[in-house]
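Chain by chain, the residues:
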Amino acid sequence: MKHVHSGKVRDLYETEDGLLLMVASDRVSAFDHVLEPGIPDKGAILTQMSLWWFDQLKDIVPNHIVAKGDEARSVVCRPLTMVQVECVARGYLTGGGLAEYREGGTVSGVRLPEGLEDGSRLPEPIFTPSTKAPLGQHDEPISYDQVVAEVGAEAAAELRRITLAVYTRGAEIARERGIIVADTKIELGWDSDGALTLGDEVLTPDSSRFWPADGWRPGRSQPSFDKQFVRDWLLSPESGWDKTSGNPPPRLPDPIVERTRERYLEAYERITGAPFSG
Ligand code: ATP
Ligand code: MG
């Protein structure tokens, strides 16, 4: 098989019949660096979680899945021409959105009410697109008008509609299972018939912020089901790493790797209601 692309997490290969084999590695990235070592089973957990979600969302948007792969970490999918916009929906304010809001009261050009704090629930979910930055660079927020300039008015409206519908359905299902989906990023592309199709991964802890609902308290950073242990450790004095130094981060200690793995497993099991079997 021909290797066609390696992203931060996934590797893509072209199959003999013109399809793609997408293999999710155990690589974990934080602050735009790929870290060492990987998180055991992460690729398989995220692939299986995405498959579960694709199925829940199939009446909202078609997806790229053709078949499960031979391994739990891989899927066979249709090649898409990816939209060069990161499609983000936010139901809660935090992270980059919060930083932008604090500067000017808007997120990706959407004006928000005053007085919101870290973790606040928004009056309604909003579409906050950003650029797709190349490896090692940061995605920048863009306005809806910039999306229109990039893909045209009709496609932009579709991107917004689909992104918000995926977020809304995902957040509803997760909430029944005690998880808040604060925000999520989806990747859409055009299939060979020109239909907008959901690709990549969907509603995983890598592409979304999952918060345990019973721990939600606006006004501080929220506990989360993702690589929070990794980020917290990297920023702690223990790691000895200076984020602004430009140096690569140090190797993750085993207990941080293990706790992160448990967090991914817990997210999988809570959302799908089934134990992860690999
Ligand atoms: P990106 O910002 O491009 O997503 P990444 O490092 O997060 O970078 P990975 O998730 O590691 O990327 O790699 C997956 C890559 O495959 C992405 O570039 C994604 O756009 C692309 N991709 C996913 N599904 C498809 C598909 N069906 N057809 C073509 N490309 C796809
Ligand atoms: Mg990706």
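Just so we're clear, the structure is a prediction, and the values are computed from it rather than from any experiment.

Draft legend 1. Representation of the packing of aromatic side chains within the structure. The full count for this structure, using the stated rule, is 6 aromatic pairs. Measuring from centroid to centroid gives 6.1 Å for Phe-31 and Trp-241, while their planes differ by 35°, and the two rings are tilted. With Phe-31 in the loop between β4 (28-30) and β5 (33-35) and Trp-241 in the loop between α5 (228-235) and α6 (254-272), this residue pair connects regions lying 210 residues apart in the sequence. On the basis of relative accessibility, which here comes to 25%, the residue Phe-31 falls in the partly exposed class. Through pairs of rings, three or more aromatic residues link up here, namely Tyr-92, Trp-211 and Trp-216. For Arg-160, the ring lying beneath its charged end belongs to Tyr-144, and the centroid distance is 3.9 Å. Here Arg-263 stacks its cationic end above the ring of Phe-225, 4.3 Å away from the centre of that ring.

Draft legend 2. Local environment of the environment of Asp-200. Tracing the backbone shows Asp-200 in the loop between β15 (196-199) and β16 (208-212). Excluding its chain neighbours within four sequence positions, the residues that come into contact with Asp-200 are Arg-10, Met-22, Phe-54, His-64 and Glu-187.

Draft legend 3. Examining the environment of Gln-228 more closely. Residue placement: Gln-228 occurs in helix α5. Taking the C-alpha atoms as reference points, Gln-228 and Ile-256, separated by 28 residues in sequence, lie 9.9 Å from one another. Once you skip the residues sitting within four places of it in the chain, Gln-228 turns out to touch Gln-222 and Pro-223. Here the side chain of Gln-228 touches Ser-224 through a polar contact of 2.5 Å, landing on its backbone nitrogen.

Draft legend 4. Representation of the site of ligand 1. Looking at ligand 1, there are 17 residues lining it, with Lys-8, Val-9, Arg-10, His-64 and Glu-187 nearest. His-64 is positioned such that a nitrogen or oxygen atom in its side chain is 2.8 Å from a nitrogen atom of ligand 1. One of the side-chain N or O atoms of Glu-187 is found 2.5 Å from an oxygen atom in ligand 1. For ligand 1, whose accessible area on its own is 600 Å², the fraction buried by protein is 87%. The set of elements that each furnish at least two residues to the shell around ligand 1 consists of β2 (10-14), β3 (20-24) and β14 (179-190). Of the residues in the shell around ligand 1, the class split is 7 nonpolar, 3 polar and 7 charged. Counting contributing residues per domain, the shell around ligand 1 is built from domain 1 (2-79 + 233-272) and domain 2 (87-215), each supplying no fewer than three.

Draft legend 5. Examining empty space enclosed by the protein more closely. All told, the structure shown has 1 cavity of 30 Å³ or more when counted by the stated rule. Within this model, the largest cavity holds a volume of roughly 80 Å³. Considering the residues around the largest cavity, the lining is formed by 14 residues, among which Met-22, Thr-47, Ser-50, Val-75 and Asp-200 are closest to the centre. The set of elements that each furnish at least two residues to the lining of the largest cavity consists of β3 and α1 (42-56). Of all the elements, α1 adds the most residues to the lining of the largest cavity, at 5 residues. Here the lining of the largest cavity is built from residues that sort into 8 nonpolar, 2 polar and 4 charged.

Draft legend 6. Summary view of the pattern of salt bridges. For the structure shown, the criterion picks out 19 salt bridges. Arg-78 is the partner of Asp-191 in a salt bridge, and the nearest nitrogen-oxygen pair spans 3.0 Å. Of this pair, Asp-191 sits in the loop between β14 and β15 while Arg-78 sits in the loop between β7 (74-77) and β8 (81-82), placing them 113 residues apart in sequence. The shortest N-O distance in the salt bridge between Asp-183 and Arg-209 comes to 2.7 Å. Residue Asp-183 is found in strand β14, and its partner Arg-209 is found in strand β16; the two are separated by 26 residues along the sequence.

Draft legend 7. The arrangement of the layout of surface pockets in detail. The computed volume of the second largest pocket comes to approximately 220 Å³. What lines the second largest pocket is a set of 15 residues, and nearest its centre among them are Tyr-92, Arg-121, Tyr-167, Ala-171 and Glu-172. Mapped by element, the contributors of at least two residues to the lining of the second largest pocket are β9 (85-92), β12 (121-127), α4 (153-176) and β14. Residue composition of the lining of the second largest pocket, grouped by class: 9 nonpolar, 2 polar and 4 charged.

Rules of the game
Residues numbered from 1 in each chain as written. Chains lettered and ligands numbered in written order. Predicted model: local features only at pLDDT ≥ 70, side-chain atom pairs only at ≥ 80, totals over all residues. Heavy atoms only, no water. Phe/Tyr/Trp six-rings, centres within 6.5 Å; stacked < 30°, edge-to-face > 60°. Helix = DSSP H or I, 4+ residues; strand = E, 2+ residues; numbered from the N terminus. Buried < 20%, exposed > 50% of the residue type's maximum accessible area, 1.4 Å probe, protein only. Lys NZ or Arg CZ within 6 Å of the ring centre and 35° of its normal. Contact = heavy atoms within 4.5 Å. Polar contact = N/O pair within 3.5 Å; in protein donor to acceptor, adjacent residues only side chain to side chain. Near = heavy atom within 4 Å. Areas by Shrake-Rupley, 256 points an atom, 1.4 Å probe, with all protein chains shown as cover. Nonpolar A, V, L, I, M, F, W, Y, C, P; charged D, E, K, R; others polar. Domains from an automatic or database assignment. 1 Å grid on protein atoms, 1.4 Å probe; cavity = no way out; pocket = protein on both sides within 12 Å on 5 of 7 lines; lining within 4 Å. Points joined across faces, edges and corners; volume = space filled by probe spheres on them. Salt bridge = Lys/Arg side-chain N within 4 Å of Asp/Glu carboxyl O.

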